[in-house]
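Understanding the architecture of this molecule
So the chains spell out like this:
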Protein chains: 2
Amino acid sequence: MSNKALIIGAGAIGVFYGSLLAKAGAEVAVVCRSEYEHVKQHGFFIDSRELGSWTFTPSQVLKNTAEYVGAADYILLCTKVIPPVDRVALIRPVVTADTAIVFIQNGVEIEQEIVSAFPGNEIISGLAYICCNQIRNGEILHLAYGRLTLGNLPGYVSNKTTELCDLIRQSGIECIATRNIVTERWKKCVWNAPFNPLSVLSGGLSTLDILHSQEAFVRNIMLDICRIAKAAGYQLPEDIIDINIKNTYAMPPYKTSMLLDFENGHPMETEAILGNAVRVAKQAGISSPYLDSVYALMKLRELKLDA
Amino acid sequence: MSNKALIIGAGAIGVFYGSLLAKAGAEVAVVCRSEYEHVKQHGFFIDSRELGSWTFTPSQVLKNTAEYVGAADYILLCTKVIPPVDRVALIRPVVTADTAIVFIQNGVEIEQEIVSAFPGNEIISGLAYICCNQIRNGEILHLAYGRLTLGNLPGYVSNKTTELCDLIRQSGIECIATRNIVTERWKKCVWNAPFNPLSVLSGGLSTLDILHSQEAFVRNIMLDICRIAKAAGYQLPEDIIDINIKNTYAMPPYKTSMLLDFENGHPMETEAILGNAVRVAKQAGISSPYLDSVYALMKLRELKLDA
């Protein structure tokens, strides 16, 4: 049985899913730079509105991946996908022939550089549908949801993926293995592509305010994503836009992750969510003017932030 | 000879052109609410880098148009074109059968409500190509340019327009009468439609930074405007986009009027510059996705400002 995991990216998502694996009996190490001293001493504290609260004591707390002792069955990449993070360099010291590289990250087409760098390794791509935040040093608040969807690239489900799903489920969180994880990525992008940039560019509106004011614009961006996905070979369900709109009206007003990053002065996942989709459109010769517009405006907004 | 003018909107542009008319011998009254006391006592002071400096003492300083004594040959509408300003109500008390209503305002399709309200009056539409600011109470700084283009609706040049041009020119500023003022409005919109909203939505970038980063996006918005203008019957020159791009690269980095309004917490001319163009596109059945996108985003940005 595979039960050694290394979490890279000790943010809310990495710590939360790592703590579930540990709960289920896995040996879970964590790379943790900024909070190293605190976590080394106290571990992590997870406060979940659904599952109660618990302490997560990693098997190893590391400042760098190179310090890892042993051979990881799974490396879970849970960093944000932003250009300055060199994910290949980050994981190279700990990838062995038997390591499965697991992405729990946002965006589309984010796996290619890892696939190219580690062509012999199993690649498990994953998406987290969760609302959780790091509220202070080493402390994670899990507010709602939690479902994880995992699937191997280019399109199958391995034994390791099944085992990983089982571990997560044992801790009480839904985990689904799929042969179509890339399609799932595009489906998630249908929501992310409008609401993330619009929340930032509007100066901080909630999902509900955006929708009440500019539903047609939101739909046009969603439609661009659907057309790009189709051109890339991933046909999304016909009713996906209607369902996303309906569900978002039903959600409480919500601050997107990009808006939280923006407000906290952190880099945003503009390239992972928008730039990669725009590039797929260009390669496929598909016109995506609404997506192109929000991408261009996000690049301008970032340029001003960097100035 | 027609030489009685009433300026409505005592901002930099209204005062500057009003002062030129007064210099040329016209009787120029000004409606001036917020600075009434100061202007009543001291008049306006105009400091022009090209023409020197002078004091402009209006023939009447008024708190409301209804106080105007006499019959104006020209009413010059120089307010910003923003929805809360009811321009019809503003000028109704002073419009006589012989009054020519002159617009010196930004935007496209901004004249219709006045044309409908005063169907018997001569309508002169005008565009100012000028860089001037109000720097303190009653004091206008004229930095550069100044050309005024005037033309009658629906498409001719009247004697009054010719006389108005002559008065402006006597004061040393270029003034051109044209039979195609609506085409000129669309031509100006080609520049305004990208640079005004992009400067705001980017968080304050200059024209040059916008262009260096996102020239293709700027061109796509310009192309939308050209296509809308054509559909509305106003074919713009083929090279207008290239010329605008080239000229903007050659200009010093420039803060747009919309950005200045945004930074000062003033309402922006989103409807006059973008909304009206979007509505013309809809009526004509023309797709204008890049323009639609920046318009939608400006509406979201304004919604957040109003919140």
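Calculation notes
Residues numbered from 1 in each chain as written. Chains lettered and ligands numbered in written order. Predicted model: local features only at pLDDT ≥ 70, side-chain atom pairs only at ≥ 80, totals over all residues. Heavy atoms only, no water. Salt bridge = Lys/Arg side-chain N within 4 Å of Asp/Glu carboxyl O. Helix = DSSP H or I, 4+ residues; strand = E, 2+ residues; numbered from the N terminus. Contact = heavy atoms within 4.5 Å. Buried area = accessible area lost by both parts, 1.4 Å probe. Polar contact = N/O pair within 3.5 Å; in protein donor to acceptor, adjacent residues only side chain to side chain. Nonpolar A, V, L, I, M, F, W, Y, C, P; charged D, E, K, R; others polar. Buried < 20%, exposed > 50% of the residue type's maximum accessible area, 1.4 Å probe, protein only. Pairing = 2+ DSSP bridges. Least-squares fit on C-alpha atoms with pLDDT ≥ 70 in both. Domains from an automatic or database assignment. Core = buried A, V, L, I, M, F, W, Y, C linked by side-chain atoms within 4.5 Å. Arc of directions from axis to C-beta.

Further remarks concern the pattern of salt bridges. Once their charged atoms are close, side chains differing in charge can pair, the charge on each being opposite to the other. Residue and element names in this part refer to chain A. For the structure on display, the rule yields 26 salt bridges over all chains. Measuring nitrogen to oxygen at the nearest pair gives 2.8 Å for the salt bridge that ties Glu-113 to Arg-87. Within this pair, whereas Glu-113 is found in helix α4 (residues 112-117), its partner Arg-87 is found in helix α3 (residues 87-91), the two being separated by 26 residues in sequence. Asp-224 is paired through a salt bridge with Arg-227; the nearest N and O atoms lie 3.7 Å apart. Of the two residues, Asp-224 and Arg-227 both sit in helix α7 (residues 207-231), three residues apart, roughly one turn of that helix.

What follows covers the interface of chain A and chain B. With 23 residues of chain A at the interface, the matching set in chain B holds 23 residues. Between chain A and chain B the total buried area reaches about 2,000 Å² when both faces are included, carbon and sulfur atoms providing 73% of it. Ranking the residues of chain A by area buried against chain B places Leu-297, Leu-300 and Lys-304 of chain A at the top, with a combined share of 26%. Scanning the region where chain A abuts chain B turns up zero salt bridges. Our count for the contact surface shared by chain A and chain B stands at three residue pairs in polar contact (both at pLDDT 80 or more). Secondary-structure elements contributing two or more residues to the side of chain A that touches chain B are α6 (181-201), α7 and α11 (289-306) of chain A. Among the elements that make up the side of chain A that touches chain B, the one with the highest residue count is α11 of chain A (twelve residues). Taken together, the residues of the side of chain A that touches chain B sort by class into twelve nonpolar, six polar and five charged.

Moving on to the pairing of strand β9 (residues 139-152) of chain B. Residues and elements named next belong to chain B. The element β9 is extensively covered by neighbouring structure, given that ten of its 14 residues are classed as buried. Strand direction decides the pairing type here: strand β3 (residues 44-48) and β9, joined by four bridges, are parallel. Across the sheet, residue Asp-47 finds its bridge partner in β9, namely Leu-141. Pairing analysis gives twelve bridges linking strand β8 (residues 122-136) to β9, with the strands arranged antiparallel.

Residue and element names in this part refer to chain B. Topologically, Leu-141 is positioned in strand β9. Taking the C-alpha atoms as reference, Leu-141 lies 20 Å from Leu-77; in sequence the two are 64 residues apart. Not counting chain neighbours up to four residues away, the residues in contact with Leu-141 comprise Asp-47, Arg-49, Cys-131, Cys-132, Asn-133 and Ile-135.

What follows concerns the relation of the copies chain A and chain B. Each copy of the sequence occupies a distinct position, and chain A is placed on chain B by a rotation of 180° and an axial shift of 0.0 Å, giving an RMSD of 0.0 Å. These values place the two chain copies in the arrangement generated by a two-fold rotation axis. A shared interface surface links the copies, since 100% of the contact residues of chain A are contact residues in chain B too.

This paragraph deals with the domain arrangement of chain A. Residues and elements named next belong to chain A. If you check the domain split of chain A, you get domain 1 (4-179) and domain 2 (183-306). Put simply, the middle of domain 1 and the middle of domain 2, counted by C-alpha atoms, are 25 Å apart. Taken together, the contact between domain 1 and domain 2 spans 21 residues of the former and 20 residues of the latter. Buried area between domain 1 and domain 2, summed over both chains or domains, comes out near 1,700 Å², and the portion from carbon and sulfur atoms is 54%. Among the residues domain 1 hides against domain 2, the three largest losses belong to Lys-80, Asn-106 and Val-108. Together they make up 37% of the total. The closest approach of N and O atoms between Arg-185 and Glu-111, which form a salt bridge, is 2.9 Å. Taken together, the connections running from domain 1 to domain 2 amount to 14 residue pairs in polar contact (both at pLDDT 80 or more). In terms of residues, the side of domain 1 that touches domain 2 owes the most to one element, strand β8 (residues 122-136), which gives seven residues. A class-by-class count of the residues in the side of domain 1 that touches domain 2 yields ten nonpolar, eight polar and three charged.

Glancing now at the nonpolar core. Side chains of a nonpolar character, in soluble globular proteins, are inclined to be buried together. Ile-91, Trp-186 and Leu-291 of chain A together with Ile-91, Trp-186 and Leu-291 of chain B are the most contacted members of the largest nonpolar core, which has 138 residues in total. What Trp-186 of chain A contacts, discounting residues up to four positions off in sequence, is Val-108, Glu-109, Ile-225, Ile-228, Ala-229, Tyr-234, Leu-236, Ala-277 and Val-280 of chain A.

Residue and element names in this part refer to chain B. For helix α8 (residues 240-250), the complete set of buried residues consists of Ile-240, Ile-241, Asn-244, Ile-245 and Thr-248. All buried residues of α8 lie within an arc of 130° about the axis, which places them on one face of the element. Every exposed residue of α8 that faces more than 90 degrees away from the buried side is listed here: Lys-246 and Ala-250. Contacts made by the buried residues of α8 are with α6 (181-201) and α7 (207-231).

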